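Okay, here's what each chain looks like letter by letter:
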Amino acid sequence: MYTPPYFAETDRTALHDLIERHSFGVLVSLVDGVPFATHLPFLLDRDAGTHGTLVGHMARANPHWRELVAQPVLAVFSGPHAYISPTWYESTHVVPTWNYVAVHVTGRATLVEERDALLDIVRRTVTYYESALPNPWVMDESGTFVDRLLLQIVGFRIEITKIEGKQKLNQNHPTERREKVIRALQSQDDENATDIAALMRATLEAGG
């Protein structure tokens, strides 16, 4: 990922936080020599491996898993993003841009096909995404339904070998311009815009 130094986020805790907040990512690798992407929810084991480990599963009918272990893989996590109009700067010699935050993770995958280990991934995924709901759904693990389900999926673990973060939040502009952009974003009825405004404010207050 192209990341000028003033946009780089290197704090591992902050990078892990972003992955967990925006855990529906994109897994990319080669299938038959051609780039192939699968959109997936991921779990993050922060303390497994040097930089953490991603955990997930995909449909067995998806060809992506068949060559997954033979190569490095990339997982992309995108946070909030917003268009930035040059009019907001109230200055000359400026251009439109886009502010955003993202994390790219590179690693090596291992497959999980053993029943109990695969069931644990499914159980953890359900618990993680259901826990915040007012009436969490509980998976019934009895009977043959779960066994049939497990035959239709393949689990994986990706030990992270490299993690890169980018927070493009107008850090290359003077404070006065950044304040104007924050106000313009806050005035929009758009969750992405207000989230970017909040991140810009936090970055300014942290001296970034």
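Summarised in this report is the structure supplied together with it. This structure is a prediction, so every number in the text was calculated from the model and none was measured.

Here the focus is the overall build of the protein chain. Along the backbone of the protein chain there are five helices and eight strands. Start at the N end of the protein chain and walk to the C end: the helices and strands fall as β-α-β-β-β-β-β-β-α-α-β-α-α. Each principal axis of the C-alpha atoms in the protein chain carries an extent, and together these give about 65 × 45 × 30 Å. Buried positions account for 42% of the 208 residues belonging to the protein chain. The long-range fraction of contacts in the protein chain, counting pairs at least 24 apart against all pairs at least 6 apart in sequence, stands at 74%. Total accessible area computed for the protein chain in this model is approximately 11300 Å², and 55% of it derives from carbon and sulfur atoms. Of the side-chain charges in the protein chain, 19 are positive and 26 negative, and the distance between the mean point of each set is 5 Å.

Here the focus is helix H2 (residues 115-130). Between its terminal C-alpha atoms H2 stretches 22 Å, which fits the 22 Å expected from 16 residues at 1.5 Å a residue. Residues of H2 that are buried include every one of Leu118, Leu119, Ile121, Val122, Thr125, Val126 and Glu130, and no others. Axial view of H2: buried residues confined to an arc of 155°, hence all on one face. Looking at the packing, one finds that the buried side of H2 touches strand S4 (43-45), strand S5 (53-59), strand S7 (97-112), helix H3 (145-151) and strand S8 (153-168). Where H2 starts, the residue carrying a side-chain oxygen 3.2 Å from the main-chain nitrogen of Asp116 turns out to be Glu114.

Attention now moves to the pattern of salt bridges. By the definition in use, this model includes 13 salt bridges. Here Arg115 ties to Asp116 by a salt bridge, and the two come within 3.1 Å at their closest N and O atoms. With a closest N to O distance of 3.6 Å, Arg123 and Asp120 form a salt bridge. Of the two residues, Arg123 and Asp120 are both situated in helix H2; the distance of three residues between them amounts to about one turn of the helix. On the basis of relative accessibility, which here comes to 33%, the residue Arg123 falls in the partly exposed class.

There is a patch of like negative charges on the surface, built from Asp189, Asp190, Glu191 and Asp195. By relative accessible area, Asp190 is classed as partly exposed at 35%.

So, about the packing of aromatic side chains. By the definition in use, this model includes five aromatic pairs. Between Phe42 and Phe156 the ring centres are 6.0 Å apart and the planes differ by 65°, which places this aromatic pair in the edge-to-face class. A residue pair is termed long-range when its members are at least 10 positions apart, and Phe42 in the loop between strand S3 (34-41) and S4 and Phe156 in strand S8 qualify at 114 residues. The same class applies to Phe42 as to Phe156, namely buried. Ring centres of Tyr83 and Trp98 lie 5.7 Å apart, and the angle between their planes is 65°; this geometry places the pair in the edge-to-face category.

Rules used throughout
- Residues numbered from 1 in each chain as written.
- Predicted model: local features only at pLDDT ≥ 70, side-chain atom pairs only at ≥ 80, totals over all residues.
- Heavy atoms only, no water.
- Helix = DSSP H or I, 4+ residues; strand = E, 2+ residues; numbered from the N terminus.
- Buried < 20%, exposed > 50% of the residue type's maximum accessible area, 1.4 Å probe, protein only.
- Contact = heavy atoms within 4.5 Å.
- Areas by Shrake-Rupley, 256 points an atom, 1.4 Å probe, with all protein chains shown as cover.
- Lys, Arg positive; Asp, Glu negative; His and termini not counted.
- Charge placed at Lys NZ, Arg CZ, Asp CG, Glu CD.
- Expected span 1.5 Å × (residues − 1).
- Arc of directions from axis to C-beta.
- Polar contact = N/O pair within 3.5 Å; in protein donor to acceptor, adjacent residues only side chain to side chain.
- Salt bridge = Lys/Arg side-chain N within 4 Å of Asp/Glu carboxyl O.
- Patch = residues over 30% accessible without salt bridge, like charges linked within 9 Å, V, L, I, M, F, W, Y side chains within 5 Å.
- Phe/Tyr/Trp six-rings, centres within 6.5 Å; stacked < 30°, edge-to-face > 60°.

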